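Chain and residue survey
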Amino acid sequence: MMLADYLRLERALTGTKIVCAEGDCGACSVLRAFPLSGSLFLPINSCVIRVAQLDGSSIVTVDGLRDGKLTPIQDAIVRCHGSQCGYCTPGFVITLTGLVEKRLRSDASRARLEPKEIKNALTGNLCRCTGYQPIVEAAVSVPLSECVSLEERFFPKTRQTELRKILKTPLALASPEPGGFSLHAPTRLADAARLLARDPDARLIGAGTDLGVLHNKGKSGGGTRFVSLHLIPELYRIRRSGRGRLWVGARVTLSELRTALKNRIPEFARFLDLFASPQIKNVATLIGNVGNASPIADTPPFLLVARATVRLLGPKGGRSVPLEEFYLGYRQTAARRGELILAIEFDLPSASERLALYKVSQRKDLDISGVNAAFRVKKGARGTQAIQEIRIAMGGVAAVPLRLRKTESFLAGKALDPETARQALEILQSEINPISDLRGSAAYRRVLAENLFLRFAREQSGESRP
Ligand SMILES: Cc1cc2nc3c(=O)[nH]c(=O)nc-3n(C[C@H](O)[C@H](O)[C@H](O)COP(=O)(O)OP(=O)(O)OC[C@H]3O[C@@H](n4cnc5c(N)ncnc54)[C@H](O)[C@@H]3O)c2cc1C
Ligand code: FES
Ligand code: FES
């Protein structure tokens, strides 16, 4: 059962609303703290996450926030007329409460929230009647000194210790009906490998943001037998591995990755701001984005130019596959039956390289790409404009995320002048083979791919990003 349904139907906690059931509107937002990833309460979408995946989590819903009187955020929404039909309001209250909590933990020195951070935090909440201005004004008006931390109210150290004990116990749930739902969450990697050896067709589940949507739409691709790695502490790690490489475990969320790479790969951190919403990124994993094998997933182009390697573990032990060889065809990967992705390893681009990442979608926030692209370029010796080495990858231009090797070879050693760019575009067009679907026709995608290349070329020659 999805958490939103559980809250409403089993616990009669109807403050949490369901509108889209696809992670798109934020009406179902709740706050979740999980000791293995830091214990800070973060907003998540309860409509696309199963209760079973939340074993060991502490959840605060809007029904729990009120403590005799409205919280400062709730009170401000009333004062500033931030609600009309009210259906979206619990979701906004939860997201803003999460933002206050983050601020209380990280930087309590400023007295109020600022409009920019409020707008960024609210990209995963839609309101169809009030409009956003009164909601933003309400959030700005709240004196942070009047807010009590959720951790203090709901997650004292004794409770955290209790949960940590629970987290050491593997979880095994199975419906008695044949072919019914089952979910196993082992606490050790070796046990995960054993479980998959016994049932190689069980589906690995990360946060389930892709799988949860399939389930809600009644699509069978969502699966019924799952193995979750959420109780395995070592998979929450991000660490340096080898020279200039980073190892990212299967349970690292996109929000955690953004924080870790903010200073080391600012371009990737900026790009992640265009990925889904905070609620989705607070649970969704990098490995799920790779494992989903969608040709328009946003992280693979970056990972391809960063020479990523997929670390797999299966019944016959571990092995590594370069990401470039991992995608075999539309939604097909080189992972064998019973293999799980343990981690992804990739280069941290050096100071002498330039990284540029782009995404074109129908709206800026919370939308899937039509075409996305990554460029990693090393310039020649000082004073020369020649490109020493270049890596280019694009999504949405073929059945798999694609590295454009012929275009790269043509550009190596050349300066990117208008004539070179024109010739490169001819080669680029010969390398791609986009499809037509609801996000755009093949012809439109060809234009997008070309325009992204031209934009990169202009930025290379010093033009600033519009
Ligand atoms: C509202 C919304 C907005 C979104 N926006 C974007 C966006 O802007 N850009 C984008 O690229 N995607 C987007 N997505 C898609 C999705 O959120 C991402 O692909 C996310 O990274 C998936 O991570 P997850 O942990 O939830 O994966 P899951 O749904 O748990 O899994 C996805 C796939 O990976 C497999 N998998 C998971 N973990 C492993 C493992 N350890 N080993 C092997 N296989 C594994 C699963 O079996 C499944 O096939 C969006 C989704 C939603 C619902
Ligand atoms: S109901 Fe819309 S995001 Fe969950
Ligand atoms: S107040 Fe009606 S949807 Fe926001």
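Rules used in this analysis
- Residues numbered from 1 in each chain as written.
- Chains lettered and ligands numbered in written order.
- Predicted model: local features only at pLDDT ≥ 70, side-chain atom pairs only at ≥ 80, totals over all residues.
- Helix = DSSP H or I, 4+ residues; strand = E, 2+ residues; numbered from the N terminus.
- Rg over C-alpha atoms; globule rule 2.2 N^0.38 Å.
- Buried ≥ 20, exposed ≤ 12 C-beta atoms within 10 Å, placed from the backbone.
- Pairing = 2+ DSSP bridges.
- Contact = placed C-beta atoms within 7 Å.
- Axes fitted to C-alpha atoms, helices over the stretch in contact; angles between N-to-C directions.
- Near = placed C-beta within 6 Å.
- Nonpolar A, V, L, I, M, F, W, Y, C, P; charged D, E, K, R; others polar.
- Domains from an automatic or database assignment.
- Left-handed = near helix turned anticlockwise from the far one by under 90°.
- Core = buried A, V, L, I, M, F, W, Y, C linked by C-beta atoms within 7 Å.
- Expected span 1.5 Å × (residues − 1).

**As for the overall build of the protein chain**
Looking only at helices and strands, the protein chain features 19 helices and 18 strands. Relative to the globule expectation of 23 Å for 466 residues, the C-alpha radius of gyration of the protein chain, 23 Å, shows essentially globular dimensions. Dimensions of the protein chain, computed from C-alpha atoms along their principal axes, come out at roughly 70 × 55 × 40 Å. Relative to its full complement of 466 residues, the protein chain shows a buried share of 45%.

**What about the sheet that holds strand S18 (residues 402-403)?**
Pairing is antiparallel across the open sheet formed by 4 strands, whose spatial order is S15-S16-S17-S18. Strands at the two margins of the open sheet, each flanked by one partner only, are strand S15 (353-360) and S18. Pairing analysis gives 8 bridges linking S15 to strand S16 (residues 371-379), with the strands arranged antiparallel. Looking at the pairing, Ala 356 lines up with Phe 375 of S16. Packed onto the sheet, helix H19 (residues 442-460) meets S15, S16 and strand S17 (387-395) and runs at close to 30 degrees relative to S16.

**A word on the site of ligand 1**
Close to ligand 1 lie 32 residues; Gly 206, Ala 276, Gly 288, Asn 289 and Gly 291 are nearest. When residues of the shell around ligand 1 are traced back to their parent elements, those giving at least two are strand S6 (203-205), helix H10 (209-216), helix H14 (286-291) and strand S14 (340-347). Classifying every residue of the shell around ligand 1 gives 18 nonpolar, 9 polar and 5 charged. Two domains each donate at least three residues to the shell around ligand 1, and these are domain 1 (3-161) and domain 2 (170-348).

**Points about the pairing of S16**
With respect to burial, S16 is a largely interior element, 7 of its 9 residues being buried. Sheet topology note: the S16/S17 ladder contains 8 bridges and is antiparallel. Bridge pairing in S17 links Phe 375 to Ile 392.

**Quick look at H10**
Every buried residue of H10 is listed here: Thr 209, Asp 210, Leu 211, Gly 212 and His 215. Buried-residue contacts for H10 involve S6, helix H13 (278-281) and H14. Positive phi shows up at Gly 218, right after H10, with a value of about 75 degrees.

**Considerations on the sheet that holds strand S7 (residues 225-228)**
For sheets, the rule is that strands pair by backbone hydrogen bonds, running either parallel or antiparallel. Judged by pairing direction, the sheet is mixed, and its 4 strands sit side by side in the order S4-S5-S7-S6 without closing on themselves. Each end of this open sheet is capped by a strand with a single partner; those strands are strand S4 (171-174) and S6. Ignoring strand direction, the axes of neighbouring strands in this sheet form an average angle of 20 degrees. The sheet contact formed by strand S5 (residues 182-185) and S7 spans 3 bridges and is parallel. Bridge pairing in S7 links Leu 183 to Phe 226.

**A short note on the packing of helix H18 (residues 418-431) against H19**
Where H18 contacts H19, the axes come no closer than 11 Å and their chain directions differ by 145 degrees. Considering the relative orientation of H18 and H19, their crossing is right-handed. Seen from H18, the contacting residues are Ala 421, Leu 425, Leu 428 and Gln 429; seen from H19, they are Arg 446, Ala 449, Glu 450, Phe 453, Leu 454 and Ala 457. Per-class residue counts for the contact of H18 with H19 are 7 nonpolar, 1 polar and 2 charged.

**Thoughts on the nonpolar core**
Counting residues in each nonpolar core, the largest one holds 127 residues, and the members touching the most others are Ala 139, Leu 303 and Ile 344. Not counting residues within four places of it along the chain, the set of residues in contact with Ile 344 comprises Val 248, Leu 286, Ile 287, Val 290, Leu 303, Ala 308 and Val 310.

**Section: H19**
With 19 residues, H19 should cover 27 Å at 1.5 Å per step; its first-to-last C-alpha distance of 27 Å lies within 8% of that length. Those residues of H19 that sit buried are Arg 445, Leu 448, Ala 449, Leu 452, Phe 453, Phe 456 and Ala 457. Residues of H19 that are buried in the fold lie against S15, S16, S17 and H18. Positive phi appears at Gly 462, one or two residues downstream of H19, with a value of about 105 degrees.

**Brief notes about the environment of Val 377**
On the secondary structure map, Val 377 appears in strand S16. Not counting residues within four places of it along the chain, the set of residues in contact with Val 377 comprises Glu 353, Arg 354, Ile 387 and Ile 390.

**Some points on the domain arrangement of the protein chain**
Under the domain assignment used here, the protein chain contains domain 1 (3-161), domain 2 (170-348) and domain 3 (354-466). Taking only C-alpha atoms into account, the centre of domain 2 sits 27 Å from that of domain 3. Tallied by class, residues from the side of domain 2 that touches domain 3 come to 15 nonpolar, 2 polar and 3 charged.

**Remarks on the environment of Leu 340**
Mapped onto the fold, Leu 340 is located in strand S14. Leu 340 gets classed as buried once you count the C-beta atoms within 10 Å, which come to 21. Taking the C-alpha atoms as reference, Leu 340 lies 15 Å from Val 252; in sequence the two are 88 residues apart. If we skip the residues at most four places from it in the chain, Leu 340 touches Ala 192, Leu 196, Leu 204, Leu 312 and Leu 313.

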